[in-house]
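Here is what each chain is made of, one letter per residue.
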Amino acid sequence: MPATDELSRVFSALADPTRRDILTRLSHGPISVGELAAPYPISRPAVSQHLGVLESAGLVERTVDAQWRQCSICEEGLDDASAWIAERKAEWNERFDLLEERIREKRRQGEAR
Amino acid sequence: MIDTTKGFTLTREIDATPEELWTAWTDPDELAHWWHPRGVTTPRDSVTVDLRVGGAYTYTMVNDSTGDEYPTGGVYREIVPTERLVFTWGNPDDDPDDAPVVTVTFESLGELTLMTFQLQGVDGTPGDESFYDGWVSALDVLVEHAQGPHVFG
């Protein structure tokens, strides 16, 4: 079952360690773009590019507050994707329930013979 | 909070031998019984299994109430009978190199068998920062997000 385009964007956005780190830091609260970029050994434009990817996936919001460019996390972007993952896990657990039922059934058939 | 090393793993102790589980995972007659969520059926004639490295499998899940069909398939990557099975899992028409990889292992615990199921990176090589490797890391992030305390916002 393929992901919807929106979910694919979320997963692609998360498939990068710098972007995951950015999200982790933003989960503690909004930060200015400068503060966010400071620890990374990459250029400011490269950080901006990562933010752009996170923003188009609906995971991050950039706002201009007076002279500050603030970044914050968008919880809803993660909610849809985590629901999707929870469904995948639940589906496999249902398969394993059926697998156990099938093995019990086969054992009963074996005993009945 | 964000762990980049773990995969999406499910484990279960099952009252069966590794041999019984191996048959359940590799015999098309058995797969048709269980390789689908509840509310969905896998018709036996939709299941094909070419159990060798590089061989393909396919099956089609059919939604019991709507009749919607979900063709699924992939290619076997590693086959160690009764111990370890690695295969890609996705749409049968997609390039298997772009599909998520399932690794399932069986370890005898005496009467029970520990079955470990993992969905992981391309070609089963986690740690190379490939798309699906990140995808799988993302799964853990998201599951923690779903289960953990409400820290955002």
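Figured I'd write up the structure that's included with this text. The shown structure was predicted, so the numbers you read here are calculated from the model rather than taken from an experiment.

Further remarks concern the overall build of chain A. On a plain count of helices and strands, chain A comes out with five helices and three strands. Of the regular secondary structure in chain A, the N- to C-terminal order runs α-α-β-α-α-β-β-α. Expressed as a percentage of its 113 residues, the buried residues of chain A come to 25%. Taking contacts inside chain A between residues at least 6 apart in sequence as the whole, the part at least 24 apart equals 54%.

What follows covers the pairing of strand β4 (residues 56-63) of chain B. All names here are of chain B. Pairing between strand β2 (residues 40-41) and β4: two bridges, direction antiparallel. Residue pairing in the sheet places T41 in a bridge with V62 of β4. In terms of strand pairing, strand β3 (residues 48-49) meets β4 through two bridges, oriented antiparallel. Residue pairing across strands places V49 opposite Y57, the latter belonging to β4. Hairpin remark: β3 followed by β4, antiparallel, with six residues in the connecting loop; positive phi at G54, about 90 degrees. Sheet topology note: the β4/strand β5 (residues 69-80) ladder contains seven bridges and is antiparallel. Bridge pairing in β5 links M61 to Y70.

What follows deals with helix α2 (residues 17-26) of chain A. Taken as a whole, α2 of chain A has its buried residues at R19, R20, I22, L23 and L26 of chain A. Taken end-on, α2 of chain A shows its buried residues confined to a sector of 155 degrees, consistent with a single buried face.

Definitions and limits used
- Residues numbered from 1 in each chain as written.
- Chains lettered and ligands numbered in written order.
- Predicted model: local features only at pLDDT ≥ 70, side-chain atom pairs only at ≥ 80, totals over all residues.
- Helix = DSSP H or I, 4+ residues; strand = E, 2+ residues; numbered from the N terminus.
- Buried ≥ 20, exposed ≤ 12 C-beta atoms within 10 Å, placed from the backbone.
- Contact = placed C-beta atoms within 7 Å.
- Pairing = 2+ DSSP bridges.
- Arc of directions from axis to C-beta.

In short, shape yes, function no, at least from these values alone.
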